[in-house]
Amino acid sequence: MKAAPLLLCLVLAACSTTDNDYDKYADKHSAFQLVERAKFEPINLVSLIRGTEGRIRKIHKMSALEQMREDDAAAAEIDGTFRDFADLNRNTGDVGRARRNEIQERILGASDQRCNDFKTLLQKKQANVSFLTGLTATGSSVAATIVTNVDRSKLLAGIAGMASGYRAEYSQAFFANAAIQVVVAGIDSRRRTAYEQILLARKDSLVAYPLEAAVKDGIRYHGLCSTVAGLQEAGEAVRYYNEPGLAAAARTIARSKMLVDLQGANADEVIDKLTKWQNIVPAERYLAGNPLGATAAEEKGGAQSLLDHFESSLIRLQRRSDTLTALSKEFESDPEWKRDIATSKDIVKPLKASLEGQCRPELILKATDLLTSKAALAAAPDGDPQRALEVQLAQQNADLSKASSDFVVAGYIERASAVETALKALGSPIVKDKRPAVTAALARLNRYAPTIVAKCAVTKIEQ
């Protein structure tokens, strides 16, 4: 059968000419991933959330019972890690929210890289099947017309039909007869919609959107990288239309109403109105015509961010005091340090009272001014220099008040940390030469008594 060797030569020649023109960075289907998959894609939730290494799993061969116990211990550690994160960050405002978003974004980044590989794999599979079956069908059909033997001609025609049928059945069974580009576009559309929803949720506090929910959304986002999701999206034929003129008009009207509402607000209504309008005013940031869901609360130096930062500073102040109290407890009976340790416990309470009494009202006022000036700028004609200058001035005034409160908090934390370092360096039993460092650090901490007056101004640091 002279046609068979000819057909085989065609297939081998075609296959041999497709991979020689590529290097280690790409093949005939796509560029390879930038980050090494084995190092980037694996996610260890415990180490990701805590910032430290999680449990090291046993590598020896385990029985079924040992495997169940090991899995139960790992699951319990993950549950405990979620609880610890909630306890430490629930009331930290921007700080906890930012950390939650970082953890979630790490999961989404690994998902995107793996999904890119999956989409390329789909293209490879369909391209290879289409190429080989098409080449076989074409070669067999041409050979069937060349050979003179009727039986052989029928056999070659049958092979051509079988190859074409295989390709059709493959496309029907795995891709529902949809082109691979349609499936990939469907996957991208589904994941893009899910990501926009995630970005909208990120402005919420840890109480409304806890870390568990953020991780769950990350898992759901990853689950949308499938042929099923792509086909569903293609089948629904979802189309997104963006009306920029109408959207811009809606944003302008909303900001104008916000400005009027804030100007007529009483002092005790400011916080509620700030929260209400920052949840209502449309998003400012857009990507390819699609809103990304960022709010003023997430902007650096934004009004709500200013207040959240202050509350998180108070929490950090109290935590440092609690840590120092726990660490110094075993030294309370020491005659040399007994009085100084007792005095150090009474520093934070009046300090917090001063910050809350003098700085919080000032920060609320500055946040109101900042949000009002931003709303006025948004409602003004584009490029209004006067409104832009007012926003800059309001931002500078807000930053000054924030810097004052940060200075006070940082001063206590630095001195308390010095005491902790000195206590930890004592050793067990106590090294006599290390005692003077503890005494000096305690004395320096106990001299810390900043005087905070009206408008969050600091007039004195030490007694």
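Along each chain, the written sequence defines residue order, and numbers are assigned to residues from 1. The predicted origin of the model limits local features to residues at a pLDDT of at least 70 and limits the giving and counting of side-chain atom pairs to 80 or more, whereas totals for whole chains, interfaces and linings rest on all residues. To get the side-chain values, all heavy atoms of the structure are used, and hydrogens and water are removed first.

Asks: Got a minute to help me understand the overall build of the chain in this structure?
Replies: Looking only at helices and strands, one finds 16 helices and four strands in the chain. Between buried and exposed lies partly exposed: a residue is buried under 20% and exposed over 50% of the maximum accessible area for its type, with that area taken using a 1.4 Å probe on protein chains only. Burial statistics for the chain: of 463 residues in total, 37% are counted as buried. Considering only contacts in the chain between residues 6 or more positions apart, those separated by 24 or more positions represent 74%. Accessible surface computed for the chain: about 26500 Å², of which carbon and sulfur atoms make up 58%. The secondary structure listing takes helices from DSSP runs of H or I that are at least 4 residues long and strands from runs of E that are at least 2 residues long, numbered from the N terminus. Residue contacts are defined here by distance: any two heavy atoms, one from each residue, within 4.5 Å place the two residues in contact. Note on areas: these come from Shrake-Rupley sampling with a 1.4 Å probe, and a residue is covered only by the protein chains present in the view.

Asks: How do you make sense of the nonpolar core when you look at a structure like this?
Replies: As a rule of thumb, soluble globular proteins bury nonpolar side chains together. Only buried residues count toward a nonpolar core, which is a set of Ala, Val, Leu, Ile, Met, Phe, Trp, Tyr and Cys residues joined through side-chain atoms within 4.5 Å. In this structure, Leu 355 and Tyr 412 are the most contacted members of the largest nonpolar core, which totals 33 residues. Of all the secondary structure elements, the ones that give two or more residues to this core are α12 (303-328), α14 (348-379), α15 (385-424), α16 (435-446) and β3 (448-453). Top contributing element to this core by residue count: α15, with nine residues. The residues touching Leu 355, leaving out its near neighbours within four places in the chain, are Phe 310, Leu 314, Leu 317, Arg 360, Ser 405, Val 408, Val 409 and Ile 452. Listed in part, the ten residues of the second largest apolar core include Ile 198, Ala 201, Leu 224 and Ala 229.

Asks: Honestly, the pairing of strand β4 (residues 457-462) in this entry has me stumped. Any pointers?
Replies: Looking along a regular strand, one sees side chains alternate from face to face of the sheet. At least two bridges found by DSSP between two strands is the condition for calling them paired. Where β3 and β4 come together, four bridges link them in antiparallel fashion. For Ile 452, the partnering residue across the bridge sits in β4 and is Val 458. What sits between β3 and β4 in their antiparallel hairpin is a turn of three residues, with Lys 455 showing a positive phi close to 65°.

Asks: Can you walk me through the environment of Ala 376 in this structure?
Replies: Structurally, the position occupied by Ala 376 is in helix α14. Along the backbone, Ala 376 and Arg 387 are eleven residues apart, and their C-alpha atoms lie at a distance of 6.7 Å.

Asks: Looking at this structure, how should I read the pattern of salt bridges?
Replies: Side-chain pairs of opposite charge can arise whenever the charged atoms involved come near each other. Should a side-chain nitrogen of Lys or Arg be within 4 Å of a carboxyl oxygen of Asp or Glu, the pair is scored as a salt bridge. Overall, the coordinates contain 16 salt bridges when judged by the stated rule. Residue Glu 414 pairs with Arg 444 through a salt bridge whose shortest N-O separation is 3.0 Å. Residue Glu 414 is located in helix α15, and its partner Arg 444 is located in helix α16; the two are separated by 30 residues in the primary sequence. Relative accessible area serves as the criterion here: at 41%, Glu 414 is assigned to the partly exposed category. Under the relative-accessibility criterion, Arg 444 is labelled partly exposed at 29%.

Asks: Please explain the environment of Arg 190 as it appears in this structure.
Replies: Here Arg 190 lies in helix α7 (residues 180-201). In sequence terms Arg 190 and Gln 232 are 42 residues apart; their C-alpha atoms lie 9.1 Å from each other.

Asks: Sorry, what's going on with the confidence of the model for the chain here?
Replies: Fine structural detail should not be taken from predicted coordinates in areas where pLDDT scores are low. pLDDT runs from 0 to 100 and stands for how confident the predictor is about each residue. Within the chain, residue pLDDT values average 74, and 65% of them lie at 70 or more. Counting interchain partners and residues more than four positions distant, the pLDDT-below-50 stretch residues 237-246 has five contacts. Below pLDDT 50 for its whole length, residues 282-301 participates in 41 contacts with residues either more than four positions away or in separate chains.

Asks: What is the right way to look at the packing of aromatic side chains in this model?
Replies: Aromatic rings in a pair are described by how distant their centres are and how their planes are angled relative to each other. When the centres of two rings from Phe, Tyr and Trp lie within 6.5 Å, Trp using its six-membered ring, the rings pair. Their planes under 30 degrees apart give stacked, over 60 give edge-to-face, and anything left gives tilted. A full pass over the atoms with the stated rule returns two aromatic pairs. Between Tyr 195 and Tyr 221 the ring centres are 6.3 Å apart and the planes differ by 50°, which places this aromatic pair in the tilted class. With Tyr 195 in helix α7 and Tyr 221 in helix α8 (residues 211-223), this pair connects stretches of sequence that are 26 residues apart. Geometrically, the ring pair formed by Phe 331 and Trp 337 is edge-to-face, given 6.0 Å between the ring centres and 75° between the ring planes. Both residues of the pair, Phe 331 and Trp 337, belong to the buried class. Seen from the ring of Tyr 221, Arg 191 lies directly overhead, with NZ or CZ sitting 4.1 Å from the centre. By definition, being over a ring means that NZ of Lys or CZ of Arg is both within 6 Å of the ring centre and within 35 degrees of the ring normal.

Asks: Can you help me understand the side chain of Arg 435 in this one?
Replies: For Arg 435, the position within the fold is in helix α16. Among the residues examined, Arg 435 registers a relative accessible area of 18% and is labelled buried.

Asks: It is not clear to me how the packing of α15 against α16 should be interpreted in this structure. Could you clarify?
Replies: Geometrically, a packed helix pair is captured by the angle between its two axes and the distance between the axes. Closest axis-to-axis distance for the α15/α16 pair is 8 Å, and the angle between their directions is 160°. Here α15 is positioned roughly antiparallel relative to α16, judged by the angle of their axes. Considering the relative orientation of α15 and α16, their crossing is left-handed. Residues Tyr 412, Glu 414, Arg 415, Ala 416, Ala 418, Val 419, Ala 422 and Leu 423 of α15 form the contact with α16, whose own contacting residues are Ala 437, Val 438, Ala 441, Leu 442, Arg 444 and Leu 445. Here the term charged refers only to Asp, Glu, Lys and Arg, the term nonpolar to Ala, Val, Leu, Ile, Met, Phe, Trp, Tyr, Cys and Pro, and the term polar to all other amino acids, Gly among them. The residue makeup of the contact of α15 with α16, split by class, is eleven nonpolar, no polar and three charged. Think of each axis as a best-fit line through the C-alpha atoms, taken over the contacting stretch in the case of a helix, with angles from 0 to 180 degrees between the N-to-C directions. Each angle gets one of four labels, with under 35 degrees taken as roughly parallel, over 145 as roughly antiparallel, 65 to 115 as roughly perpendicular, and the rest as oblique. Here a crossing is taken to be left-handed if its near helix is turned anticlockwise relative to the far helix by less than a right angle, and right-handed if that turn runs clockwise.

Asks: Just checking my understanding: could you explain the state of the cysteines for this structure?
Replies: Linking two cysteines covalently via their sulfur atoms produces the bond known as a disulfide. Cysteine sulfur atoms are paired as a disulfide whenever they fall within 2.5 Å. Within this structure, the stated rule accounts for two disulfides. Between the sulfur of Cys 115 and that of Cys 225 lies a disulfide, 2.1 Å long from S to S. For the disulfide bridge between Cys 115 and Cys 225, the dihedral angle about the S-S bond is near 95°, and by the sign convention the bridge is right-handed. Placement of Cys 115 in helix α5 (residues 94-146) and of Cys 225 in the loop between α8 and α9 (227-236) is noted, with a sequence separation of 110 residues between them. Judged by relative accessible area, which is 1%, Cys 115 ranks as buried. For Cys 225, a relative accessible area of 13% translates into the label buried. Between the sulfur of Cys 359 and that of Cys 456 lies a disulfide, 2.0 Å long from S to S. Disulfide Cys 359 to Cys 456: torsion about the S-S bond roughly 80°, handedness right-handed. Residue Cys 359 is located in helix α14, and its partner Cys 456 is located in the loop between β3 and β4; the two are separated by 97 residues in the primary sequence. As far as the burial class goes, Cys 359 and Cys 456 line up, both buried. Cysteine pairing for the chain (bonded cysteines numbered in sequence order): 1-2, 3-4.

Asks: Could you clarify how one ought to interpret α16 in this entry?
Replies: Since one α-helical turn is 3.6 residues long, residues separated by three or four positions face the same way. Here α16 spans 17 Å end to end across twelve residues, near enough to the 16 Å set by a 1.5 Å rise per residue. For α16, every residue scored as buried is listed here: Arg 435, Val 438, Ala 441, Leu 442, Leu 445 and Asn 446. One side of α16 carries all its buried residues, which in axial view fall inside an arc of 130°. Multiplying 1.5 Å by the helix residue count minus one yields the expected span of that helix. An arc is given here, and it is the one of the directions from the helix axis to the C-beta atoms.

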